[in-house]
Amino acid sequence: MSDVVVGLDIGTSRVRAVIGDVSESGVFQITGVGTSPSTGLRKGVVVNIENTVRAISQAIEAAELMSGTEVSRCMIGVGGTHIDGLNSRGVVAVTSKGRDNRVIGQEDILRVIDAAKAVVIPMDRQVLHVIPQSYIVDEERGIKDPRNMIGVRLEAEVHIVTASVTSVQNVVKCVNRSNLSVDEYMLHSLAAAKAVMSAEERDLGSILIDLGGGTTDVLVFAGGAPLMTAVIPVGGIQVTNDISVVKGISLETAERIKIDEGCCWMGLIEENEDVILPGVGGRPPVVIPRSEICEIVQPRMEEIFNIIRSKVEPVLKSRQLSGNVILTGGGAQLSGVVELASSIFNTQAVRIGIPGNFGGLIGEYRGPDYATVLGLVLAANEHHEAEDREKPPVEAAGTPWIGRLRGWLKEFF
Ligand SMILES: Nc1ncnc2c1ncn2[C@@H]1O[C@H](COP(=O)(O)OP(=O)(O)OP(=O)(O)O)[C@@H](O)[C@H]1O
Ligand SMILES: [Mg+2]
């Protein structure tokens with residue numbers, strides 16, 4: 001079986017594809033990176049199939065060309081304002097069926113997770129992930145791995161992420177129409193966290209903020225697992241829109257000015273810094289102080305961070321987060337974003353999340369806007385390895401056993 005794996009992030013601003021492969025020496029490395037502008041989505045949700053299929057094909061082709069490999073399957077990200085997260089718990093009695101004592105086994109864990117996910121979910125929604133936070137064995141709380149412990153009562157606390165069935169189906173349809181099959185899918189922010197967060201940050205309690213074009217995604221970790229998921233329907237596109245409307249310039253010009261001269265922290269603007277706005281309709285260009293751009297950008301970014309703070313505040317009342325605030329997504333490249341987040345969250349522990357060094361084409365993916373797709377390709381590789389490891393003898397392949405394994409992997413991601 002080929003060791004080639006693919007991550008595909010279908011975002012509102014850009015589609016990104018990354019191909020990874022295990023080298024002859026057994027080391028995983030990135031061999032292809034492709035991206036293309038995305039015009040078929042609104043706030044993370046597919047609204048135009050044709051445009052999305054085109055953007056996916058372009059990104060995949062570019063990555064294929066770079067890696068010299070043709071790909072047929074991928075791990076996709078799921079995001080958008082339809083995403084919801086909730087915490088749940090389940091309890092089971094530890095059975096000793098077929099065993100001589102009450103030692104907790106894999107079957108008990110599967111049963112308790114099943115019990116925890118038995119919450120009422122509307123017909124039009126599906127469960128994307130069920131992630132165990134911790135277990136309680138009899139009266140002992142905060143257990144990360146209860147396997148082989150002895151107990152009578154096993155309780156699991158889990159975080160459940162759900163998504164709109166039709167939104168997921170539309171993304172899958174676009175990928176299939178681009179001649180790719182979908183192996184698995186993963187919540188965007190969970191993928192980004194995989195690429196940029198350390199285990200220590202997850203344990204201590206941290207907030208991942210993915211500043212995308214159409215949405216801003218938030219994932220709060222505590223005790224090593226997700227505690228809260230939120231998708232806010234405001235992103236970098238609004239910032240560009242604000243500049244365009246206030247200054248009476250096209251969206252393209254506004255986007256360029258935001259990227260080259262934008263800033264969301266007035267304290268970073270030096271006196272005498274000027275920005276040239278091109279004239280519209282034959283009018284001459286105008287020179288304005290850069291602070292005028294900041295006066296437009298900063299309030300919108302403040303609004304985004306304030307919404308996040310209000311969403312996270314209830315969590316902060318019950319759990320102390322002593323890790324970091326980690327910023328990813330294209331918007332994390334905006335000048336002043338760390339300073340603004342520090343001020344709003346009242347902490348110096350703010351950093352930009354850049355994917356680590358996964359070998360291969362390092363320069364191509366080491367930006368915060370590649371966090372999600374890198375996480376996806378890493379997850380694809382882990383799934384692939386797990387499949388290889390657990391694969392039964394060839395004659396047994398394709399039995400329900402495999403189906404169960406795949407289900408298991410999916411739930412624990
Ligand atoms: N250097 C930069 N400075 C400021 N903003 C930037 C910069 N580079 C990119 N952006 C902004 O980042 C946004 C795109 O981010 P990203 O590529 O992470 O979004 P996406 O994944 O396509 O969208 P979403 O996650 O919302 O579906 C755009 O609004 C873009 O203007
Ligand atoms: Mg994104």
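In this text, all values refer to a predicted model and were calculated from it rather than measured experimentally.

K.L.:
How would you sum up the pairing of strand 3 (residues 28-37)? Please name residues and give values.
P.N.:
By the criterion of burial, strand 3 is predominantly enclosed, with seven of the ten residues buried. With nine bridges connecting them, strand 2 (residues 14-22) and strand 3 associate as antiparallel partners. Paired with V15 across the bridge in strand 3 is S36. The turn joining strand 2 and strand 3, which pair antiparallel and follow one another in sequence, is formed by five residues; a positive phi near 90 degrees is taken by G26.

K.L.:
Give a description of the sheet that holds strand 10 (residues 153-164) that names residues and reports values.
P.N.:
Strand order in the open sheet formed by four strands is 7-10-8-9, and the pairing between neighbours is antiparallel. This sheet does not close on itself; its edge strands, each paired only once, are strand 7 (84-93) and strand 9 (140-143). Going from strand to strand, the sheet's axes swing by 35 degrees on average, the running direction of each strand aside. Judged from the ten bridges that link them, strand 7 and strand 10 form a sheet pairing that is antiparallel. Counted as the bridge partner of G85 is V161 from strand 10. In the packing of helix 2 (residues 106-116) onto the sheet, contacts are made with strand 7, strand 8 (125-137) and strand 10, and the angle to strand 7 comes to roughly 130 degrees.

K.L.:
Tell me about the side chain of S244, and please be specific about residues and values.
P.N.:
Looking at the element boundaries, S244 is found in helix 6 (residues 236-247). With a relative accessible area of 11%, S244 lands in the buried category. Filtering out sequence-adjacent residues up to four positions away, S244 remains in contact with I249, S250, L251 and A254.

K.L.:
Break down the site of ligand 1 for me, with residues and values.
P.N.:
In the vicinity of ligand 1 there are 20 residues, among which T12, S13, G214, E255 and K258 approach most closely. Backbone polar atom of G213 to an oxygen atom of ligand 1: 3.1 Å apart, as the coordinates give it. For ligand 1, whose accessible area on its own is 660 Å², the fraction buried by protein is 90%. At the level of secondary structure, the elements contributing two or more residues to the shell around ligand 1 comprise strand 2, helix 6 and helix 7 (251-261).

K.L.:
Residues and numbers for the pattern of salt bridges, please.
P.N.:
If you walk through the whole model with that rule in mind, you get 20 salt bridges. Two residues, E50 and R177, come together in a salt bridge whose shortest N-O distance is 3.1 Å. On the criterion of sequence distance, the pair formed by E50 in helix 1 (residues 49-67) and R177 in helix 3 (residues 165-177) is long-range, its members being 127 residues apart. Look at E50 and you get partly exposed, because its relative accessible area is 45%. Across the salt bridge formed by E382 and K194, the nearest N and O atoms sit 3.0 Å from each other. Separated by 188 residues along the polypeptide, E382 in helix 11 (residues 371-390) and K194 in helix 4 (residues 188-196) bring together distant segments of the chain. On the accessibility criterion, E382 (36% relative accessible area) is partly exposed. Residue class for K194 comes out partly exposed when judged on its relative accessible area of 21%. What you see here is one network of salt bridges that share partners, running through R89, R141, R153, E155 and E157.

K.L.:
Residues and numbers for the environment of S2, please.
P.N.:
As for its position among the elements, S2 is in the segment before strand 1 (5-10). Look at S2 and you get partly exposed, because its relative accessible area is 46%. In sequence terms S2 and H384 are 382 residues apart; their C-alpha atoms lie 9.5 Å from each other.

K.L.:
Give a detailed account of helix 3, specifying residues and quantitative values.
P.N.:
The end-to-end C-alpha distance of helix 3 is 18 Å, a good match for the 18 Å that 13 residues give at a rise of 1.5 Å each. Of the positions making up helix 3, those classed as buried are S167, V168, V171, C174 and V175. Across the axial projection of helix 3, the buried residues extend over an arc of 125 degrees, all falling on one side. Directly beyond the C-terminal end of helix 3, a positive phi value near 65 degrees is found at N179.

K.L.:
Can you tell me about the domain arrangement of the protein chain, naming the residues and giving the values?
P.N.:
Partitioning the protein chain into structural domains gives domain 1 (84-163) and domain 2 (198-352). On a C-alpha basis, the centroid separation for the pair domain 1 and domain 2 is 37 Å. For the pair domain 1 and domain 2, the summed buried surface comes to about 520 Å²; carbon and sulfur atoms form 53% of the total. At the boundary of domain 1 with domain 2, the tally comes to zero salt bridges. At the boundary of domain 1 and domain 2, one finds four residue pairs in polar contact (both at pLDDT 80 or more). Counting only elements with at least two residues in the side of domain 1 that touches domain 2, the list comes to strand 7, strand 8 and strand 10. For the side of domain 1 that touches domain 2, the leading source of residues is strand 8, giving three residues.

K.L.:
Before we move on, could you go through the environment of V22 and cite the residues and values that matter?
P.N.:
Relative to the helices and strands, V22 is located in strand 2. When its relative accessible area of 24% is taken as the criterion, V22 is described as partly exposed. Residues V22 and V231, spaced 209 residues apart in sequence, show a C-alpha to C-alpha distance of 34 Å. Ignoring sequence-local partners within four residues, the contact set of V22 consists of D3, V27, F28 and N381.

K.L.:
Give a description of the sheet that holds strand 13 (residues 216-222) that names residues and reports values.
P.N.:
The five strands lie next to each other as 14-13-12-17-18, forming an open sheet whose pairing is mixed. Edge strands, defined here as strands with exactly one partner in the open sheet, are strand 14 (225-232) and strand 18 (350-352). Taken over all neighbouring pairs, the strand axes of this sheet differ in orientation by 20 degrees on average, direction set aside. Alignment of strand 12 (residues 206-211) against strand 13, held across six bridges, turns out to be antiparallel. Across the sheet, the residue bridging to S206 is F221, located in strand 13. Across the sheet, helix 8 (residues 290-318) touches strand 12, strand 13, strand 14 and strand 17 (325-328), and the angle it forms with strand 14 is around 140 degrees.

The rules behind each value
- Residues numbered from 1 in each chain as written.
- Chains lettered and ligands numbered in written order.
- Predicted model: local features only at pLDDT ≥ 70, side-chain atom pairs only at ≥ 80, totals over all residues.
- Heavy atoms only, no water.
- Buried < 20%, exposed > 50% of the residue type's maximum accessible area, 1.4 Å probe, protein only.
- Helix = DSSP H or I, 4+ residues; strand = E, 2+ residues; numbered from the N terminus.
- Pairing = 2+ DSSP bridges.
- Axes fitted to C-alpha atoms, helices over the stretch in contact; angles between N-to-C directions.
- Contact = heavy atoms within 4.5 Å.
- Near = heavy atom within 4 Å.
- Polar contact = N/O pair within 3.5 Å; in protein donor to acceptor, adjacent residues only side chain to side chain.
- Areas by Shrake-Rupley, 256 points an atom, 1.4 Å probe, with all protein chains shown as cover.
- Salt bridge = Lys/Arg side-chain N within 4 Å of Asp/Glu carboxyl O.
- Expected span 1.5 Å × (residues − 1).
- Arc of directions from axis to C-beta.
- Domains from an automatic or database assignment.
- Buried area = accessible area lost by both parts, 1.4 Å probe.

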